[in-house]
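# Structural description and commentary
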Amino acid sequence: MVRYSLAICSLLNSDALAKALLDALGRGRYQVFQFHQAPEFLKFVCQEERNIDCLILQEGPALAEVTQALSQRSIILPALIVYDPPERLEQADHHPTTSLIPGKPLYHAAEVRLPLTALSQINTEIDHAIRLFLRLPPSNVNTDKDDILTVNLATRSVDLQTQQERLAEKLKERLGYLGVYYKRDPKNFLRNLSPAARHAFMEKLKRNYRNIVILYFSNDATLNQQIDEFVNDAFFSDIPVTQIVSLHMELMDQLSKQLKLEGRNEDVLLDYRLTLIDVLSHLCEMYRRSIPRDS
């Protein structure tokens, strides 16, 4: 399979939908393998399991049997299920038997469902499906209703952690930091934190940055590690680069006032522009190498 692309395997009911899917996915980022018949699909997935990054399945009479077959073979992969929304079925006066039950996983608890009317969002939803899969707590899949990955009753025990590590390793190999990007949890983004949690996080970030500034022109062996930790914190909290600049300027202003009170020359602070450049270059490179591209 092609390096630097996500491998998508789909089982769709019509040529028209298959074409629409390819149009929605665009070019460059995905390598797509499409099937219309379940036996051929299952044979391919069994052979290429280690190379597939996400499944796209269409709701239909055979869907439950397909997901059951995958589970029986201990094949648990990120999955996106596309379906006709109820209002569309009513307009078409068509009411097929559905295996999808709202709120109840059909394949596993990390599956993502997307109405066909929102196919233009499929790039984002593929990212979402992979992100959910990688964040699932390591556990064995079983038939317990309360298990994190409750699936079909025919499902046998699956080592989820092994599956996740394998996918994360593939992403790291083919897409650099992209595997790290998928592990980011939007709940931990600065903008989504409570006011109290946001304040506590920013205070911690300021303290850490101040330590970096203090040590920057020293021979401290921990400096690089502290910069890496600071950049990781900023990355996983999705902090804009402009906010890091503001944090730096605020600290420089504080140090400037302190130097003035001590009767010392504040020009020395200009040298710490190198600190800001160093930190931002690390952060920008992490964003550049990690954020999924649509083309």
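One can find the structure itself at the top, above this paragraph.
Because the structure is predicted, anything quoted here is derived from the model rather than measured.

Criteria and thresholds
Residues numbered from 1 in each chain as written. Predicted model: local features only at pLDDT ≥ 70, side-chain atom pairs only at ≥ 80, totals over all residues. Heavy atoms only, no water. Buried < 20%, exposed > 50% of the residue type's maximum accessible area, 1.4 Å probe, protein only. Helix = DSSP H or I, 4+ residues; strand = E, 2+ residues; numbered from the N terminus. Pairing = 2+ DSSP bridges. Right-handed = clockwise from strand over helix to strand, strands pointing away. Axes fitted to C-alpha atoms, helices over the stretch in contact; angles between N-to-C directions. Parallel < 35°, antiparallel > 145°, perpendicular 65-115°, else oblique. Left-handed = near helix turned anticlockwise from the far one by under 90°. Contact = heavy atoms within 4.5 Å. Nonpolar A, V, L, I, M, F, W, Y, C, P; charged D, E, K, R; others polar. Expected span 1.5 Å × (residues − 1).

### Regarding the pairing of strand β3 (residues 54-58)
Regular strands place side chains that alternate from one sheet face to the opposite one. In terms of burial, β3 is a largely internal element, five of the five residues being buried. Here strand β1 (residues 6-11) pairs with β3 via four bridges, running parallel. Along β3, the bridge assignment pairs Leu11 with Leu57. Handedness of the crossover joining β3 and strand β4 (residues 79-83) through helix α3 (residues 63-72) is recorded here as right-handed.

### Regarding the packing of helix α2 (residues 38-48) against α3
Running from N to C, α2 and α3 point in directions that differ by 25 degrees, and their axes come no closer than 11 Å. With respect to their mutual orientation, α2 and α3 come out roughly parallel. When you trace α2 past α3, the crossing you get is right-handed. Here α2 contributes Ala38, Phe41, Leu42 and Val45 to the contact with α3, which in turn contributes Val66, Ala69 and Leu70. Here the residues of the contact of α2 with α3 are counted per class, giving seven nonpolar, no polar and no charged.

### With respect to helix α5 (residues 122-135)
Here α5 contains 14 residues, and its C-alpha end-to-end distance of 20 Å stays within 8% of the 20 Å for a straight helix at 1.5 Å per residue. Summarising burial for α5: ten of the 14 residues are buried, a large majority. Residues Ile122, Asn123, Glu125, Ile126, Asp127, Ala129, Ile130, Arg131, Phe133 and Leu134 constitute the buried set of α5.

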